[in-house]
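Notes for the structure review
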Amino acid sequence: MMAILTLFISAKFGLNETTAGYIYSGFYASIYLLALVGGIIADKTRNYKGTIMWGLVVMSLGYLIIAIPTPTPVSSLPLYLTLTCVGLLVIAFGNGLFKGNLQALVGQMYDNKEFSAKRESGFQIFYMFINIGGFFAPFVAIGVRNWWLKVNNFDYNAKLPALCHEYLAKGEEMVGEGLANLNSYASAAHLDGTPVSDLGAFCNTYLDVFNRGFHYAFIAAIVMMLISLAIYMANRKRFPDPSKKAAAAGVKASAEEIKMSAQEIRQRIYALFAVFGVVIFFWVSFHQNGYSLTYFARDYVNLDVININLGFTTIKGAEIFQSVNPFFVVTLTPLIMWFFGWLRKRNIEVSTPMKIAIGMGIAATRSDENSNADSFGLVALCSVGPILAVMVLGLVYQSGGTYTPITVPDTADSLQMWQLFQNAFPTYLKDVGVSLLPIALFFIVFQIIRRKMHKAQVIRVCMGLLYTYVGLVLFLTGVNVGFMPVGYYLGEALAGLDYRWIIIPIGMLMGYFIVTAEPAVHVLNKQVYELTSGVIPK
């Protein structure tokens, strides 16, 4: 699904990348949201194995809804797009019943103390086999679609569906490079070299064959689901049953055990929310695979380079790149398992959170004698955080305006200049307040439920927030009202000089002073000096 969903939606309905991205995002968001529903259903019914089985059945039904071939171009966009979205929702619900409960089932296989030490290895093997399926899935989808294209005497061309939709929408009004490309691609689309005499008829036929191949690829997914269901049913009795395990225990816990369990649950909840903070940003990046990476491969990669001719079909298409990530997971997992096993044999046990931290590139910090060594680079990571936040904001922020050049204010005296600052103060008072509000709220929440700082510490934190607020307001007002116009004027004047080469040394000089004035650089400079015992001088 990750390999072909966005391309299928674009090719089937002629939607642009942005709209297809909304559907893709909604689908994957519903997968993870409905996993909670699946867990609740399994816990309420105490029928974990049955929930997993029905998850497979419901997913197969969702794929069937999408797999039923419908004509392209569609006669009614709202009807068929709604039908597709319903199919995706059914798949997401089935996935919610299946995915989380299956993972829980894997974990329960290692509840026995005799095997509990192998739990992590079990999950690594589990995910490795998931990625084996993820590696072959794009090839199957591509093979089925391109097989149907070949049956109908067509060659695969990733750019043709969008051009065909554009031509059918504009007709003869489609001019310029787009029409020229369409004519060129259409002439080469027939495997036997049949010339194209009617572009409209060609576009209708190619779109119908191209998307019918996608429908058949979804049928292949149903076949795989049924095979998975058969394997599961054949081994169902061998899987653990948590409901029977709880009933068989039948021992009433003591008040002390209940209290200890409550404390353990509280700690696990804290750990769970910490994991949430990690995985949210991880999946923000990872699920670009099925969106940004796919469109990038379609538009900017020469797909003819990878062209595997199997006789009855060819393996060629942007979807191939969805196999790259599973390939590395499958090939590197045994190496990683061996490495941590090697450490374990030497009594070096790396905890699961530490493994996550290593994987995410975040170093752990401690408050002991080695805290300086462990926190090395933390200041740099804190500097990277806002940069990443701005990049994430750029992905979701929709700017409808145009760029307005900065103008140097025309002021006659310092009184008029002060009025400019006075007019800008309310704006930055509000903006900085909104920016610092989440930090203040986080502090309040953690102070209430976790940290329990002393009154003096709370006062120091509040004073720090106040200093930060005042400093940012003054800084941003000064920069945007005074510094930016002057900088724009100087840059414009320097760029207009006959000897514009002077901009390069001036830029280097300004960069030097900016870096020298950066507090984080001084902190890192001092850390490097101390950690190397002066070997690397300041």
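I will try to describe carefully the structure that is included in this document. This one's a predicted model, so the numbers in the text were calculated from it and none came from an experiment.

Let's shift gears to the environment of Thr84. One can find Thr84 in helix H4 (residues 77-108). According to the relative accessible area criterion, Thr84 is buried, its value standing at 9%. Distance in space between the C-alpha atoms of Thr84 and Ile9 is 8.9 Å, their sequence separation being 75 residues.

Turning to the packing of aromatic side chains, a few remarks are in order. Summed over the entire model, instances satisfying the criterion amount to 25 aromatic pairs. Judged by centre distance (5.2 Å) and plane angle (75 degrees), the ring pair of Phe27 and Tyr28 falls under edge-to-face. Of the two residues, Phe27 and Tyr28, neither departs from the other in class, the shared state being buried. With 5.0 Å between their ring centres and 85 degrees between their planes, Trp148 and Tyr216 make a pair best called edge-to-face. In this pair, Trp148 is assigned in helix H5 (residues 119-151) and Tyr216 in helix H8 (residues 199-234), connecting sequence segments 68 residues apart. Grouping aromatic residues by their ring pairs yields a cluster made of Phe8, Tyr63, Phe154, Tyr156, Phe202, Tyr206, Phe210, Phe214 and Phe218.

Running from N to C, helix H6 (residues 160-170) and H8 point in directions that differ by 135 degrees, and their axes come no closer than 9 Å. Relative to H8, the element H6 is oriented oblique. In this structure, H6 crosses over H8, and the sense of that crossing is left-handed. Residue-level contacts link Leu160, Pro161, Cys164, His165, Tyr167 and Leu168 of H6 to Leu199, Gly200, Phe202, Cys203, Asn204, Tyr206, Leu207 and Phe210 of H8. Partitioning the contact of H6 with H8 into residue classes produces 11 nonpolar, three polar and no charged.

Take the nonpolar core next. Counting residues in each nonpolar core, the largest one holds 70 residues, and the members touching the most others are Ile9, Phe27, Leu182, Phe202 and Tyr206. Per element, the largest residue contribution to this core is 15 residues, and it comes from H8. Look past the residues within four positions of Leu182 in its chain and what remains in contact with it is Leu160, Leu163, Cys164, Tyr167, Met174, Leu199 and Cys203.

Inspection of every chain in the model, using the stated rule, returns zero disulfides. Looking at the unpaired Cys203, the closest cysteine sulfur is the one in Cys164, lying at 3.6 Å. Classification of Cys203 by relative accessible area gives buried; the value is 0%.

The next thing to look at is H6. The set of residues buried in H6 consists of Leu160, Pro161, Leu163, Cys164, His165 and Tyr167. The elements touched by buried residues of H6 are helix H1 (5-13), helix H7 (177-189) and H8. The first or second residue beyond H6 is Gly171, which carries a positive phi of 65 degrees.

The next point concerns the environment of Gly94. Along the chain, Gly94 turns up in helix H4. Sequence spacing of Gly94 and Thr51 is 43 residues, and the spatial spacing of their C-alpha atoms is 9.3 Å. Residues within four places of Gly94 in sequence aside, it is in contact with Gly55, Val58 and Met59.

On to a nonpolar patch on the surface, then. Among the surface-exposed residues, Val324, Phe327, Phe328, Leu332, Leu335, Ile336, Trp338, Phe339 and Trp342 lie close enough to one another that they form a single nonpolar patch of about 870 Å² accessible area. Looking at the element boundaries, Trp342 is found in helix H12 (residues 324-345).

A few words now on the pattern of salt bridges. Inspection of every chain in the model, using the stated rule, returns six salt bridges. When the shortest N-O distance is used, the salt bridge between Lys170 and Glu166 registers 3.2 Å. With Lys170 and Glu166 both in helix H6 and four residues apart, the pair spans about one turn of that helix. On the basis of relative accessible area, Lys170 is assigned to the partly exposed category, the value being 44%. We note a salt bridge from Asp299 to Arg298, for which the minimum N-O separation is 2.8 Å. Overall, Arg298 belongs to the buried group, its relative accessible area being 10%. Several salt bridges share partner residues, and in doing so they unite Glu17, Arg298 and Asp299 into one network.

It is generally the case that most residues other than glycine have a negative phi and that most peptide bonds are trans. Residue Pro73 follows Thr72 across a cis peptide bond; omega there is 0 degrees. With respect to the element layout, Pro73 can be found in the loop between helix H3 (48-67) and H4. Even without glycine at this site, Arg46 takes up a positive phi of about 60 degrees. Relative to the helices and strands, Arg46 resides in the loop between helix H2 (17-45) and H3. Exposure remark for Arg46: the relative accessible area of 38% places this residue in the partly exposed category. For Asn153, which is not glycine, the phi dihedral falls at a positive 70 degrees. Structurally, Asn153 is set in the loop between H5 and H6. Overall, Asn153 belongs to the partly exposed group, its relative accessible area being 22%.

What counts, and where the lines are drawn
Residues numbered from 1 in each chain as written. Predicted model: local features only at pLDDT ≥ 70, side-chain atom pairs only at ≥ 80, totals over all residues. Heavy atoms only, no water. Helix = DSSP H or I, 4+ residues; strand = E, 2+ residues; numbered from the N terminus. Buried < 20%, exposed > 50% of the residue type's maximum accessible area, 1.4 Å probe, protein only. Phe/Tyr/Trp six-rings, centres within 6.5 Å; stacked < 30°, edge-to-face > 60°. Axes fitted to C-alpha atoms, helices over the stretch in contact; angles between N-to-C directions. Parallel < 35°, antiparallel > 145°, perpendicular 65-115°, else oblique. Left-handed = near helix turned anticlockwise from the far one by under 90°. Contact = heavy atoms within 4.5 Å. Nonpolar A, V, L, I, M, F, W, Y, C, P; charged D, E, K, R; others polar. Core = buried A, V, L, I, M, F, W, Y, C linked by side-chain atoms within 4.5 Å. Disulfide = S-S within 2.5 Å. Patch = residues over 30% accessible without salt bridge, like charges linked within 9 Å, V, L, I, M, F, W, Y side chains within 5 Å. Areas by Shrake-Rupley, 256 points an atom, 1.4 Å probe, with all protein chains shown as cover. Salt bridge = Lys/Arg side-chain N within 4 Å of Asp/Glu carboxyl O.

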